[in-house]
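Read off the chains here:
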Amino acid sequence: MKTITTLLVVAIAAASGWAHADNPAETHQPLRPVSDCMRPDRINAWYVVDTRTAIVSNGPNYYLIKLQSECPRLGMGQSLRFRANESNQAAGMGAICGETGETVHSLPHQPPCAIQSVSKIDKSQFKQLEKKAIHHGSGADQPTVPPPHP
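What counts and how
Residues take numbers from 1 onward in each chain, read along the sequence in its written order. Local features in this predicted model are restricted to residues of pLDDT 70 or higher, and side-chain atom pairs are both shown and tallied only at a pLDDT of 80 or more, whereas totals for entire chains, interfaces and linings draw on every residue. Only hydrogens and water are removed before side-chain values are computed, so all heavy atoms of the structure are retained for them. A pair of cysteine sulfur atoms is labelled a disulfide when the two atoms are within 2.5 Å. Put simply, DSSP marks the helices as runs of H or I at least four residues long and the strands as runs of E at least two long, and each gets a number from the N terminus on. As used in this structure description, the phrase polar contact means that two N or O atoms lie within 3.5 Å; if the pair is within protein, one of them must be able to donate a hydrogen and the other to accept it, and residues adjacent in sequence are counted only when both atoms belong to side chains. The term salt bridge refers to a side-chain nitrogen of Lys or Arg lying within 4 Å of a carboxyl oxygen of Asp or Glu. A 1.4 Å probe rolled over the protein chains alone gives each residue an accessible area, and that area as a share of the maximum for its type sets the label: buried under 20%, exposed over 50%, partly exposed in between.

## Points about the state of the cysteines
Inspection of every chain in the model, using the stated rule, returns 2 disulfides. Here C37 engages in a disulfide with C97; their sulfurs sit 2.0 Å apart. Between C37 and C97, the S-S dihedral sits near 115 degrees, and the bridge is therefore right-handed. Pair noted here: C37 is in the loop between helix 2 (24-27) and strand 1 (45-50) and C97 is in the loop between helix 3 (86-90) and strand 5 (103-105), with a separation of 60 residues, a long-range link.

Rendered as C-alpha cells:
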C-alpha cells in the first residue's frame, strides 16, 4: 500500500509540474512574438562564450543562446549554423525562439546541439560576454531564407 501511495504522489507531482519547478530548462518560455526571435539570416556576428553558451548580434538586437548540454566543438571552423524547428521552417522564417527542435552546429559532420533557450540581452551584456568568447565569426556562413513565392 505504501508503494502505491508513493507512486500516486509522484504521478500527481509530475502532472502538476511541481517536480520540475527547480529546473529552469523545464520552465523556460520561448520568445514571443516570433518577430522578436533571432533570425539566422540576419546575423552580424556570433561568439561562443563556453561549451553551453553563445551570443549573437542580429542587426540592432542581441541574443543569449543557451544549449541543453555541453557542445565542445561549437564554433570550430569559424562556423555556427542554426536550424529552426519544423514549424518555423515551414512558416519560412527560420526563426530561433528557444523552442523544442531548434539546433546549432559548426561542422557539417558534427551532430547538432539542442538549443535550450534564447533570450534578448542588451548591448552592454553582449560586450561583457564577448570578452569571454572562445570562438567567434560573422553571419556570412548562415543560409539565407529565400523570399516567399507569390
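## Topic: the side chain of S106
Locating S106 in the fold gives a position in the loop between strand 5 and strand 6 (113-121). At 2.9 Å, the side chain of S106 forms a polar contact with the backbone oxygen of S79.

## A look at the pattern of salt bridges
A complete count under the given rule lists 4 salt bridges for this structure. Residue D41 pairs with R39 through a salt bridge whose shortest N-O separation is 3.2 Å. Relative accessible area serves as the criterion here: at 14%, R39 is assigned to the buried category. Residue K127 is joined to E130 by a salt bridge in which the shortest nitrogen-to-oxygen separation is 3.6 Å. Of this pair, K127 and E130 both sit in helix 4 (residues 123-130), 3 residues apart, roughly one helical turn. On the basis of relative accessible area, K127 is assigned to the partly exposed category, the value being 40%. Owing to a relative accessible area of 21%, E130 belongs among the partly exposed residues under this scheme.

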